[in-house]
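These are the residues of each chain, in order.
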Amino acid sequence: MNDSMIKNGLNEYVNKGRLYILSAPSGAGKTTLCGEILKTIPSLKESVSFTTRSPRTGEHNNIDYTFVSVDEFKEALAAGEFIEWAEVHGNYYGTSIKRIQEIQADGGDVLLDIDTHGARQIRARHIDATYIFILPPSLEMLRERLYKRNLDDEATITRRLNKAKDEIRECMYYDYIIVNDNLHHAIDGLKSIILSSRLKADCLNADWFESKFGIFGVS
Ligand code: 5GP
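Conventions used here
- Residues numbered from 1 in each chain as written.
- Predicted model: local features only at pLDDT ≥ 70, side-chain atom pairs only at ≥ 80, totals over all residues.
- Heavy atoms only, no water.
- Helix = DSSP H or I, 4+ residues; strand = E, 2+ residues; numbered from the N terminus.
- Domains from an automatic or database assignment.
- Contact = heavy atoms within 4.5 Å.
- Buried area = accessible area lost by both parts, 1.4 Å probe.
- Nonpolar A, V, L, I, M, F, W, Y, C, P; charged D, E, K, R; others polar.
- Near = heavy atom within 4 Å.
- Polar contact = N/O pair within 3.5 Å; in protein donor to acceptor, adjacent residues only side chain to side chain.
- Areas by Shrake-Rupley, 256 points an atom, 1.4 Å probe, with all protein chains shown as cover.
- 1 Å grid on protein atoms, 1.4 Å probe; cavity = no way out; pocket = protein on both sides within 12 Å on 5 of 7 lines; lining within 4 Å.
- Sits in = over half its atoms within 2 Å of the grid points.
- Patch = residues over 30% accessible without salt bridge, like charges linked within 9 Å, V, L, I, M, F, W, Y side chains within 5 Å.
- Salt bridge = Lys/Arg side-chain N within 4 Å of Asp/Glu carboxyl O.
- Points joined across faces, edges and corners; volume = space filled by probe spheres on them.
- Pairing = 2+ DSSP bridges.
- Axes fitted to C-alpha atoms, helices over the stretch in contact; angles between N-to-C directions.
- Phe/Tyr/Trp six-rings, centres within 6.5 Å; stacked < 30°, edge-to-face > 60°.
- Buried < 20%, exposed > 50% of the residue type's maximum accessible area, 1.4 Å probe, protein only.
- Lys NZ or Arg CZ within 6 Å of the ring centre and 35° of its normal.

Novice: Mind showing me how you'd approach the environment of L183 here?
Specialist: Assignment of secondary structure puts L183 in helix α8 (residues 183-198). Between the C-alpha atom of L183 and that of L33, which follows or precedes it by 150 residues, the distance is 7.6 Å.

Written as C-alpha cells, this is what we have:
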C-alpha cells in the first residue's frame, strides 16, 4: 500500500473520525513516532493538548501544546471542556473535547498522545478507540535516552523513570504494544496498526456501502 492509496483510497469507504490513543513513558520515542506517522497518514491529525507546564526550547503555543496557567486550566476543567486530564510530573495536561470534534468534523482521524491515566479515563467512558502503547527496549535504555537528550536534571530523570515503571505496568490494557528498538520498524508497526484498524468491519462506511451495493443495514 503506497501513500497515495492511503490518501485517496481508504477514506471513501471507511468511517471517519476514529480515535487513536498513544501512550509511552517519556524517552520511549513517542514524539518522533507521532511526527513520522502524522506525515505519513495525512488524514490523521493530532489533537493539541492543554498544559500548565512551561514551553521547552523550540516548542510553540498551539502547535506543541496550548500553554495555559493553572487557573485557566482549572476553569476549563470545571466547564467540562476536557475529555480527560491528568497531572504529570507536577503539571496538568488535558485533551479538549472541542478539538477532537473539530478534527472529526473535518473528516480526520484523531491521534491523542496522552499518559496512561488519561487513556484509562477514555476507556472508562467506553469510547471506541484503538489503544497503542510504545515500550522502550528496556528500562536501562530508557535511562540512557533520558540522559542523552539532555532536557532534564537528575531529579527529573529519576521522577520520569519511576513514572515510566508505573506506566509500563499498564501496557497490558492496551490493544497493541510496539517495542521501539528500531525507529523504522516502530513506524511500520504503528502505520500497520492504524491502517488495519481502519479496515475493521465496523469501520465500513454504511452510506458508501449502500450506494455501491444497494444493501442496507450494515454497520
Ligand atoms: P511532556 O511534558 O514531556 O510533553 O509530556 C509528559 C507526558 O504528558 C507524556 O506522557 C504525554 O503523553 C502526556 N500528555 C501530553 N498531553 C496530555 C494530555 O492531554 N492528557 C494526558 N493525560 N496526558 C498528556
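Now that the structure is up, let's keep going.
Novice: Honestly, the domain arrangement of the chain in this entry has me stumped. Any pointers?
Specialist: How big an interface is tends to be stated in terms of the accessible area lost upon association of its parts. For the chain, the assigned domains are domain 1 (1-7 + 18-43 + 110-198) and domain 2 (47-107). Taking the mean C-alpha position of each, domain 1 and domain 2 sit 18 Å from one another. Taken together, the contact between domain 1 and domain 2 spans 17 residues of the former and 13 residues of the latter. Between domain 1 and domain 2 the total buried area reaches about 1,400 Å² when both faces are included, carbon and sulfur atoms providing 59% of it. When the area that domain 1 buries against domain 2 is broken down by residue, the three leading residues are V110, Q121 and R160, summing to 29%. Looking at the side of domain 1 that touches domain 2, the elements with two or more residues in it are β7 (109-113), α5 (116-124) and α7 (154-169). Tallying contributions element by element places α5 first for the side of domain 1 that touches domain 2, with four residues. Residue classes in the side of domain 1 that touches domain 2 are distributed as eight nonpolar, four polar and five charged.

Novice: What is the right way to read the environment of H89 from this model?
Specialist: Its location among the elements puts H89 in the loop between β5 (82-88) and β6 (91-96). Residues H89 and R53 lie 36 residues apart in sequence; the distance between their C-alpha atoms is 9.3 Å. If we ignore the near neighbours within four places in the chain, the residues touching H89 are S26, R159, R160 and K163.

Novice: When you look at the site of the ligand in this model, what are you seeing that I'm missing?
Specialist: For the ligand, the set of nearby residues contains 17 residues, the closest of which are K30, S49, R53, Y65 and Y93. A distance of 3.3 Å separates an oxygen atom of the ligand from a polar backbone atom of G94. Within the complex, 93% of the 510 Å² of free accessible area of the ligand lies under protein. Taking a 2 Å distance to the grid points as the criterion, the majority of the atoms of the ligand fall inside the largest pocket. Along the lines of polarity and charge, the residues of the shell around the ligand split into six nonpolar, four polar and seven charged. The two domains that each donate at least three residues to the shell around the ligand are domain 1 (1-7 + 18-43 + 110-198) and domain 2 (47-107).

Novice: Just checking my understanding: could you explain a nonpolar patch on the surface for this structure?
Specialist: Residues M172, I177 and V179 make up a contiguous nonpolar surface patch of roughly 290 Å² in combined accessible area. Along the chain, V179 turns up in strand β9 (residues 176-179).

Novice: Just checking my understanding: could you explain the layout of surface pockets for this structure?
Specialist: One water molecule sets the probe size; rolling that probe over the atoms shows where empty space is left. Its volume calculated, the largest pocket comes out at about 990 Å³. Taken together, 38 residues line the largest pocket, and the ones lying closest to its centre are K30, T31, R56, Y65 and D113. Those elements that place two or more of their residues in the lining of the largest pocket are α2 (30-40), β5, β6, α6 (139-149) and α7. Here the residues of the lining of the largest pocket are counted per class, giving 13 nonpolar, 11 polar and 14 charged. When residues of the lining of the largest pocket are assigned to domains, at least three fall in each of domain 1 (1-7 + 18-43 + 110-198) and domain 2 (47-107). In this structure, the second largest pocket encloses a volume near 170 Å³.

Novice: Explanation requested: the sheet that holds strand β8 (residues 130-135) in the structure shown.
Specialist: Hydrogen bonds between backbone atoms are what pair the strands of a sheet, whose relative direction is either parallel or antiparallel. Pairing is parallel in the open sheet, where five strands are placed in the order β2-β7-β1-β8-β9. Either end of the sheet is taken by a strand with one partner, and the two such strands are β2 (44-46) and β9. With strand direction ignored, the average angle separating the axes of adjacent strands in the sheet is 25 degrees. As paired elements, β8 and β9 share four bridges and run parallel to each other. In the strand pairing of β9, L135 is matched with V179. On the sheet, helix α4 (residues 97-105) packs against β1 (19-23), β2 and β7 and is oriented at approximately 150 degrees with respect to β7.

Novice: Would you explain the packing of aromatic side chains in this entry?
Specialist: To describe a pair of aromatic rings, you give the distance between the ring centres and the angle between the ring planes. Within the structure shown, the criterion is met by 12 aromatic pairs. Relative to F213, the ring of F209 has its centre 5.1 Å away and its plane inclined at 45 degrees; by these criteria the two rings are tilted. One end of the pair, F209, and the other, F213, are both in helix α9 (residues 206-213), four residues apart, so they sit about a helical turn from each other. On the basis of relative accessible area, F213 is assigned to the partly exposed category, the value being 49%. One aromatic cluster is present, formed by F50, F73, F82, W85 and Y92 through successive ring pairs. The aromatic ring of Y131 is capped on one face by R123, whose charged end is 4.8 Å from the ring centroid.

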